[in-house]
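Structural overview
The primary structure of each chain is shown beneath.
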Amino acid sequence: RGFKEYNTVFENEFLKTISHYLTTNQNYIVKDKVKVSSIFNNDEIKNMNYFLTSEFDFVLFEKGTQKPVLAIELNGIEHLTDESVKMRDKNKKEICKQKKLKLISIPNNYARRYQYIKNIIQKILKV
């Protein structure tokens, strides 16, 4: 199996887990494969090519305003070992910091850990 197939399995598991959590907190919705450029304007963006082509694994949005409140990345081993992946992660962190969007990384093998995911979201969003 390639990384893509492997990651898709975890992404599907995570989507189930976070969707379950969102049944208890109806203030947010989750979307997957969200283009970075679809939620931010391009003011002061240094790496325009990256900005236009990259995407977040998941983004939580406020239900009413559709405002993004949390970006979530599921990370496998390639995020620790592959220099190009580490560079993309760095770019993503910089954009989120600049645009004031919280970004968290969750290890792939935590994709089904409901309590862990619930706790981390509640802590960050203070809900």
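Residues numbered from 1 in each chain as written. Predicted model: local features only at pLDDT ≥ 70, side-chain atom pairs only at ≥ 80, totals over all residues. Heavy atoms only, no water.

1. Side note on helix H5 (residues 83–99)
- The first and last C-alpha atoms of H5 sit 24 Å apart over 17 residues, in line with the 24 Å expected at 1.5 Å per residue.
- Among all positions in H5, only Val85, Asp89, Asn91, Lys92, Ile95 and Cys96 are buried. Angularly, the buried residues of H5 cover 160 degrees about the axis, an arc narrow enough to put them on a single face. More than 90 degrees from the buried face of H5, the exposed residues found are Glu83, Lys93 and Lys97. (Helix = DSSP H or I, 4+ residues; strand = E, 2+ residues; numbered from the N terminus. Expected span 1.5 Å × (residues − 1). Buried < 20%, exposed > 50% of the residue type's maximum accessible area, 1.4 Å probe, protein only. Arc of directions from axis to C-beta.)

2. Structural notes on the nonpolar core
- In terms of nonpolar packing, the biggest core is built from 21 residues, with Phe14, Ile18, Leu60, Leu70, Ile72, Ile121 and Leu125 touching the most fellow members.
- Broken down by secondary-structure element, the contributors of at least two residues to this core are helix H1 (3–22), strand S1 (28–35), strand S2 (55–62), strand S3 (68–75), strand S4 (102–107) and helix H6 (114–125).
- Residues in contact with Ile121, not counting those within four places in the same chain, are Ile18, Tyr21, Leu60, Leu70 and Lys126.
- Of all hydrophobic cores here, the second largest spans 14 residues; its members include Val36, Ile95, Cys96 and Leu101. (Core = buried A, V, L, I, M, F, W, Y, C linked by side-chain atoms within 4.5 Å. Contact = heavy atoms within 4.5 Å.)

3. A few points about the packing of aromatic side chains
- For the coordinates displayed, the defined rule picks out 3 aromatic pairs.
- Residues Phe40 and Phe56 carry aromatic rings whose centres are separated by 6.4 Å and whose planes lie at 80 degrees to one another, so their mutual orientation is edge-to-face. Of this pair, Phe40 sits in the loop between helix H2 (36–39) and helix H3 (48–53) while Phe56 sits in strand S2, placing them 16 residues apart in sequence. By the burial criterion, Phe40 is buried, and Phe56 matches it.
- Ring centres 4.6 Å apart and planes at 70 degrees place the aromatic pair Tyr110 and Tyr116 in the edge-to-face group. (Phe/Tyr/Trp six-rings, centres within 6.5 Å; stacked < 30°, edge-to-face > 60°.)

4. Structural notes on the environment of Gln122
- Note that Gln122 resides in helix H6.
- Judged by its relative accessible area of 25%, Gln122 is partly exposed.
- Put simply, Gln122 and Tyr21 are 101 residues apart on the chain and 10 Å apart in space, counted from C-alpha to C-alpha.
- Excluding residues that lie within four positions of it along the chain, Gln122 makes contacts with Tyr21 and Val127.

In short, geometric facts, not functional conclusions.
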